[in-house]
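Next come the chains, spelled out residue by residue.
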Amino acid sequence: MNAPTITRTAAVRAVGLSKSYGEGEAAVRALDGVHTEFMGAAFTAIMGPSGSGKSTLMHCLAGLDTATSGLVYLGDTELTGLSDRELTELRRHRIGFVFQAFNLLPVLTAEENMLLPMRLGGVDPDPEWMAEIVGRLGLTERLGHLPHELSGGQQQRVAVARALLPRPDVIFADEPTGNLDSRSGTEVLELLRSSVREFGQTVVMVTHDPVAASYSDRVVLIADGRIAGEIDRPTTDSVIETMRELGARAC
Ligand SMILES: Nc1ncnc2c1ncn2[C@@H]1O[C@H](COP(=O)(O)OP(=O)(O)OP(=O)(O)O)[C@@H](O)[C@H]1O
């Protein structure tokens, strides 16, 4: 496949990105020359069969893992050229994360968890922005609670607030609804979508769930470590149908 024309308005770009694990006969090529881009102020889902390379792609895009070859850009910054220290700084200030397992520190309150990444970076949150987020996420009455005193949905909302607070260039969400019941999952997806529509946040989400993907503006499909297509303005049905075709092609 020819490399697509890369525009300058992409928030995140991968150019010829490859990643192999192991060496020799045991080597696994998890990513195989991936060219793709994620537009700013858009909600993009990454989908594909199990083992297709979704997590590897997200980890390389987010600077959590290094590619074997190829380039990753966050805006105009080339991640692949940064030192470990520079990558840590970049992740702290310019990237937000929401994980399936919430990843809240059990001994810190909801508020302390939300503020932790900014405190570690020596940055004070904007009080108006914090009040807006806490109010919108329905966490005003929960700020002093420890994670175990919160429901799963509330814990994930704290994680979403933590990701939104520094106004990162992009939020990477890895199966953010995987541990939630469908009502809490819907709440979290609506919050991610409204952060894009109302605050201009950029969100990239890995998911297996066609319903979750239908909240995005665009689905990028990956199969065998390569980009296998995309769906604009996905619906649950169009995602199910396309994933079925992708599965059939892979057989
Ligand atoms: N640390 C590792 N060491 C060796 N192989 C790995 C490692 N991480 C991933 N892989 C392999 O790379 C390929 C892509 O894995 P990856 O986790 O990115 O896929 P995925 O699409 O996220 O899968 P899933 O949907 O099951 O989470 C798979 O074949 C996997 O076994």
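Basis of the calculations
- Residues numbered from 1 in each chain as written.
- Predicted model: local features only at pLDDT ≥ 70, side-chain atom pairs only at ≥ 80, totals over all residues.
- Buried ≥ 20, exposed ≤ 12 C-beta atoms within 10 Å, placed from the backbone.
- Helix = DSSP H or I, 4+ residues; strand = E, 2+ residues; numbered from the N terminus.
- Arc of directions from axis to C-beta.
- Pairing = 2+ DSSP bridges.
- Core = buried A, V, L, I, M, F, W, Y, C linked by C-beta atoms within 7 Å.
- Contact = placed C-beta atoms within 7 Å.
- Near = placed C-beta within 6 Å.
- Nonpolar A, V, L, I, M, F, W, Y, C, P; charged D, E, K, R; others polar.
- Axes fitted to C-alpha atoms, helices over the stretch in contact; angles between N-to-C directions.
- Parallel < 35°, antiparallel > 145°, perpendicular 65-115°, else oblique.
- Left-handed = near helix turned anticlockwise from the far one by under 90°.
- pLDDT = per-residue confidence, 0-100.
- Right-handed = clockwise from strand over helix to strand, strands pointing away.

Participant: Would you mind going over helix H1 (residues 54–61) with me for this structure?
Facilitator: What sets the pattern is the α-helix's 3.6 residues per turn: residues three or four places apart point alike. For H1, every residue scored as buried is listed here: Lys54, Thr56, Leu57, Cys60 and Leu61. End-on, the buried residues of H1 take up no more than an arc of 165°, which puts them together on one face. Remark: Gly63 follows H1 within two positions and exhibits a positive phi of approximately 70°.

Participant: When you look at the pairing of strand S8 (residues 203–206) in this model, what are you seeing that I'm missing?
Facilitator: The side chains of a regular strand alternate between the sheet's two faces. Burial of S8 is two-sided: the residues Val203 and Met205 facing one way and the residues Val204 and Val206 facing the other way are all buried. With four bridges joining them, strand S3 (residues 43–47) and S8 adopt parallel strand pairing. Within S8, the residue paired with Phe43 across the bridge is Val203. Sheet analysis places strand S7 (residues 170–174) next to S8, joined by four bridges and oriented parallel. Paired with Ile171 across the strands is Val203, a residue of S8.

Participant: Looking at this structure, how should I read the nonpolar core?
Facilitator: The nonpolar side chains of soluble globular proteins are, as a tendency, buried together. Judged by nonpolar contacts, the single largest core of 65 residues is most densely connected at Leu61, Val160, Ala161, Phe172, Leu192 and Val204. Setting aside residues up to four positions removed in sequence, Ala161 forms contacts with Met114, Ile133, Val134, Leu137 and Leu139.

Participant: What is the right way to read the site of the ligand from this model?
Facilitator: Every residue lining the ligand is accounted for by Tyr21, Gly22, Val28, Ala30, Gly48, Ser50, Gly51, Ser52, Gly53, Lys54, Ser55 and Thr56. Those elements that place two or more of their residues in the shell around the ligand are strand S2 (28–39) and H1. It is H1 that contributes the most residues to the shell around the ligand, three residues altogether. Of the residues that constitute the shell around the ligand, the class distribution is three nonpolar, eight polar and one charged.

Participant: How should the packing of helix H5 (residues 152–164) against helix H6 (residues 182–199) be read in this particular structure?
Facilitator: When two helices pack together, their arrangement is given by the angle between the helix axes and by the axis-to-axis distance. For the pair H5 and H6, interaxial distance at closest approach is 9 Å and the crossing angle is 15°. If you check the angle between H5 and H6, you find them roughly parallel. Like other packed secondary-structure pairs, H5 and H6 cross with a definite hand, here right-handed. Between H5, through Gly152, Gly153, Gln156, Arg157, Val160 and Leu164, and H6, the contact on the second element is made entirely by Ser184, Glu187, Val188, Leu191, Leu192 and Ser195.

Participant: Would you mind showing me how to read the environment of Gly24 here?
Facilitator: One can find Gly24 in the loop between strand S1 (10–21) and S2. We classify Gly24 as exposed; it has 5 C-beta atoms within 10 Å. With 29 residues separating them along the chain, Gly24 and Gly53 place their C-alpha atoms 19 Å apart.

Participant: When you look at the confidence of the model for the protein chain in this model, what are you seeing that I'm missing?
Facilitator: Close inspection of predicted coordinates is inappropriate for parts of the model with low pLDDT. When pLDDT is averaged across the protein chain, the result is 91; 95% of the residues are at 70 or more. Both confidence scores are given for the complex: pTM 0.92, ipTM 0.97.

Participant: Help me understand the pairing of S7, please; the structure alone is not making it clear to me.
Facilitator: Most of S7 is tucked away: five of the five residues are buried. Judged by which residues are buried, S7 turns out to be covered on both faces: Val170, Phe172 and Asp174 on one side and Ile171 and Ala173 on the other are all buried. Note that strand S6 (residues 95–99) and S7 share five bridges and pair parallel. Bridge pairing links Phe97 to Phe172 in S7. Remark: the S7/H6/S8 crossover connection has right-handed handedness.

Participant: Explain the sheet that holds strand S5 (residues 77–78) to me, please; I cannot follow it from the model alone.
Facilitator: By definition, the strands of a sheet pair up through backbone hydrogen bonds, in either a parallel or an antiparallel sense. Reading across from one edge, S2-S1-S4-S5 is the order of the four strands in this open sheet, with antiparallel pairing throughout. The sheet is open, and its two borders are formed by S2 and S5, each paired with just one other strand. Two strands pair when backbone bridges link them, and S1 and strand S4 (residues 69–74) are joined in this way by five bridges, in the antiparallel orientation. For Ser18, the partnering residue across the bridge sits in S4 and is Ser69.

Participant: It is not clear to me how the sheet that holds S3 should be interpreted in this structure. Could you clarify?
Facilitator: Taking strand neighbours across the sheet as the criterion, the six strands line up as S6-S7-S8-S3-S9-S10 in an open arrangement whose pairing is mixed. With one partner strand each, in any of the chains shown, S6 and strand S10 (226–232) form the two edges of the open sheet. Within this sheet the neighbouring strands show an average axis-to-axis angle of 20°, counted without direction. Relative to S6, H5 is tilted by about 170°, and along the sheet it contacts S6 and S7. In this fold H6 packs onto S3, S7 and S8, with an angle of close to 155° to the strand it touches most, S8.

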